[in-house]
Amino acid sequence: MPRRRIGFWYRFAAVLCKPPLVVLIKRDWRGMQHIPAEGGFITVVNHNSHVDPFAYAHYQYNTGRVPRFLAKSGLFRKGFVGAAMRGTGQIPVYRESTDALSAFRAAIAAVERGECVAFYPEGTLTRDPDGWPMTAKTGAARVALQTKCPVIPVAQWGANELLPPYARKPNLFPRKTHHVLAGPAVDLSRFYDREMTPEVLKEATEVIMAAITRQLEHIRGEKAPETPYDPRRERIEQRRRTQAQARAHAQGQTQARVQAQAQGQTQARAQAQTQGQSRARAQVQGQTPARAQAQTQTQTQGKQAEGQST
């Protein structure tokens, strides 16, 4: 494929990034024939490592159709990074926008100019415990339905073995293999004549993510879970579990207090009973010597009286 619209900054970035990527990872790249040679299009890619944007950019750079990634608008404002982001034609995402579609206006304009825009539909590293694609945001579907451009599903695997999600240190040895498989364009034509409601966008996004997951199943040679991991659902479940644990803890504390109170009352009654018995015995013991002394005195007085009579 001819290399078009790459420019100085992209070539400069390639000079910096390609050598370490070639050294660190082997390549198993397939499906490049599905990358359109002409016109604007979208690639939708799974995300499982902080390294995979560089590894995937290397893959697509080699197709001759360089990707324009979406990135936070703040990265474009300062210093060398900002100059590189602007120079390579990356797409700023204005998160402060209140209009969800206007946040992707630059992406729409890029597609309409005939560029490739690369989306990570999940919006962040997958949180699926086994690394499968999770539920996604609707941004890619919005741009696809707005522009009616081809949507190419791409799966990748291997960068996550070099640098696992949220890990700080890479696993350099043995040398890892970066697998990439691009598939045929996702058919979204059934959504084109429908109003772009949240329900339509959600359904179109699920179709896109299912296509990415199928490509990853081919790479990994195994089936993905029937239901994608949903961080929102997991947060709700975690909140429920936390609340249930809190209720159980509170109930346990209440039962413990009741039991302690009951034990305290029992001990108090036992102590009172013991004290009462002790007082009773003391009283009895006190009365017995007194009676004996009184009896002795009476007998003594009686004897004295008899002596006087005699």
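Look up: the structure comes first, before these words.
Counting restarts for each chain: residues are numbered from 1 in the order of the written sequence. Given that this is a predicted model, residues contribute local features only at a pLDDT of at least 70 and side-chain atom pairs are listed and counted only at 80 or more, while totals for whole chains, interfaces and linings are drawn from all residues. Heavy atoms from the whole structure form the basis of all side-chain values; hydrogens and water molecules are not counted.

Undergrad: Can you break down a nonpolar patch on the surface residue by residue, with the values?
TA: Exposure above 30% relative accessible area and the absence of a salt bridge qualify a residue for a patch, where like charges join within 9 Å and nonpolar side chains (Val, Leu, Ile, Met, Phe, Trp, Tyr) within 5 Å. Note on areas: Shrake-Rupley with a 1.4 Å probe; residue coverage comes only from the protein chains shown. Should a side-chain nitrogen of Lys or Arg be within 4 Å of a carboxyl oxygen of Asp or Glu, the pair is scored as a salt bridge. On the surface, F8, F12, L16, L75, F80 and V81 cluster together to form a nonpolar patch covering roughly 590 Å² of accessible area. We count a stretch as a helix when DSSP gives it H or I for four or more residues in a row; a strand needs E for two or more, and each element gets its number in order from the N terminus. Mapped onto the nonpolar patch, the elements with two or more residues apiece are helix 1 (7–24) and helix 3 (79–87). The element best represented in the nonpolar patch is helix 1, accounting for 3 residues. Topologically, F80 is positioned in helix 3.

Undergrad: Break down a positive patch on the surface for me, with residues and values.
TA: Positive: Lys, Arg. Negative: Asp, Glu. His and the chain ends are not part of the count. In plain terms, the charge of a residue is placed at NZ if it is Lys, CZ if Arg, CG if Asp and CD if Glu. A surface patch of like charges, here positive, comprises R127, K137, R232, R235 and R239. Relative to the helices and strands, R239 resides in helix 8 (residues 231–309).

Undergrad: Quick rundown of the pattern of salt bridges? Include the residues and the values.
TA: One pass over the structure, following the stated rule, counts 9 salt bridges. E217 serves as the salt-bridge partner of K223, at 3.7 Å between the closest nitrogen and oxygen. The cut-offs for exposure are 20% and 50% of the maximum accessible area for each residue type, with area from a 1.4 Å probe on protein chains only; residues under the lower value are buried, those over the upper are exposed, and the others partly exposed. Overall, K223 belongs to the exposed group, its relative accessible area being 63%. Residue class for E217 comes out buried when judged on its relative accessible area of 16%. Here D230 and R233 are joined by a salt bridge, their closest N and O atoms 3.7 Å apart.

Undergrad: Before we move on, can you summarise the layout of surface pockets with the specific residues and values?
TA: A 1.4 Å probe that fits but cannot get out identifies a cavity on a 1 Å grid over protein atoms alone, an open set with protein on both sides within 12 Å along at least five of seven lines counts as a pocket, and a residue lines either if it has an atom within 4 Å of a point. Grid points are joined across faces, edges and corners, and a volume is the space filled by probe spheres set on the points. The space that makes up the second largest pocket amounts to roughly 890 Å³. Surrounding the second largest pocket, 31 residues form its lining, M134, T135, A136, P228 and Y229 being those nearest its centre. The biggest single contributor to the lining of the second largest pocket is helix 7 (residues 198–220), with 8 residues. Its residues placed into classes, the lining of the second largest pocket shows 11 nonpolar, 6 polar and 14 charged. Amino acids are sorted into nonpolar (Ala, Val, Leu, Ile, Met, Phe, Trp, Tyr, Cys and Pro), charged (Asp, Glu, Lys and Arg) and polar (every other residue, Gly among them).

Undergrad: Break down the sheet that holds strand 5 (residues 116–119) for me, citing the residues and quoting the values.
TA: A pair of strands is labelled paired if DSSP reports no fewer than 2 bridges between them. One open sheet holds the 7 strands; their spatial order is 1-7-6-2-5-3-4, and the pairing between them is mixed. Across the chains shown, the open sheet's two edge strands, defined by having one partner strand only, are strand 1 (25–30) and strand 4 (91–93). Neighbour to neighbour, the strand axes of the sheet diverge by 25° on average, direction disregarded. The pairing of strand 3 (residues 67–72) with strand 5 spans 3 bridges and is classified as parallel. Directly across from F69, in strand 5, lies its bridge partner A118. Every residue pair with non-hydrogen atoms within 4.5 Å of one another is taken to be in contact. Axes here mean lines fitted to C-alpha atoms, for a helix over just the part in contact, with angles spanning 0 to 180 degrees between N-to-C directions. Helix-sheet contacts for helix 2 (residues 52–61) involve strand 1, strand 2 (41–45), strand 3, strand 5, strand 6 (151–157) and strand 7 (176–182), and the interaxial angle to strand 1 is about 50°. Where helix 7 meets the sheet, its contacts fall on strand 1, strand 2, strand 6 and strand 7, and the angle it forms with strand 6 comes to roughly 40°.

Undergrad: Explain the side chain of S73 to me, and be specific about the residues and the numbers.
TA: Looking at the secondary structure, you find S73 in the loop between strand 3 and helix 3. Taking the relative accessible area as the measure of exposure, S73 reaches 8% and is therefore buried. Throughout this description, a polar contact denotes any pair of N or O atoms lying within 3.5 Å of each other; where both atoms belong to protein, one of them has to be capable of donating a hydrogen while the other can accept it, and for residues adjacent in sequence the pair is counted only when both atoms sit in side chains. Within the local environment of S73, its side chain forms a polar contact with the side chain of R77, the two groups lying 3.4 Å apart.

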